[in-house]
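Overview (structure and organization)
For reference, the chains in residue letters:
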Amino acid sequence: VVDDEEAIRRLLTRWLSGWGYQAKEAGNADEALEIMTAEPADIMLCDVMMPVHDGIWLAEQVRGRWPQTAVIMASSAQDMETVMRMRKQGAVDYVTKPFGREMLRQALQRASARLSS
């Protein structure tokens, strides 16, 4: 879970843990890359808007280094240009903030299905 807002990271991590996922938290793109280097994740849930490096930049880095990782982007932006940029940089899914538990669960199921195909 990569998000610069600690409260959101903690909430999402609780949800994921409750569903049986082993979740790790990163507060920015650089921290996420450090975690991925030590132990690559199958799925990354990443906020788009973060300081220094945004989530789209991070998705591109992950796609280049760990192409098997499914990246789900989360953003309050709903414009098609942003969605297309996310897809181009390797995001497999996109959830619009604020999103609920069920929307996230469905995105995770789609990402998991992609991993097993």
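Residues numbered from 1 in each chain as written. Predicted model: local features only at pLDDT ≥ 70, side-chain atom pairs only at ≥ 80, totals over all residues. Heavy atoms only, no water.

With 21 residues, the main nonpolar core has V2, M44, C46, L58, V62, M73 and M86 as its most contacted residues. Those elements giving two or more residues to this core turn out to be helix 2 (29–38), strand 1 (43–47), helix 3 (55–65), strand 2 (70–75), helix 4 (80–88) and strand 3 (91–96). For V62, the contacting residues outside a window of four places in its chain are L33, M36, M44, P67, T69 and V71. Ranked by size, the runner-up nonpolar core spans 17 residues in total, among them V1, V95, F99 and A107. (Core = buried A, V, L, I, M, F, W, Y, C linked by side-chain atoms within 4.5 Å. Buried < 20%, exposed > 50% of the residue type's maximum accessible area, 1.4 Å probe, protein only. Helix = DSSP H or I, 4+ residues; strand = E, 2+ residues; numbered from the N terminus. Contact = heavy atoms within 4.5 Å.)

All right, on to the pairing of strand 1 then. Of all the five residues making up strand 1, five are buried; the element is thus mostly covered by neighbouring parts of the structure. Residues of strand 1 alternate between two faces, with I43, L45 and D47 on one and M44 and C46 on the opposite face, all of them buried. Relative to strand 2, strand 1 runs parallel, the two sharing five bridges. Among the inter-strand pairings, D47 is bridged to a residue of strand 2, identified as A74. Once the chain exits strand 1 it traverses helix 3 before rejoining the sheet at strand 2, and the crossover so formed is right-handed. (Pairing = 2+ DSSP bridges. Right-handed = clockwise from strand over helix to strand, strands pointing away.)

Turning our eyes to something else, we now look at the environment of P67. Summarising the element assignment, P67 is placed in the loop between helix 3 and strand 2. For the pair P67 and K88, spaced 21 residues apart in the sequence, the C-alpha separation amounts to 13 Å.

In short, shape yes, function no, at least from these values alone.
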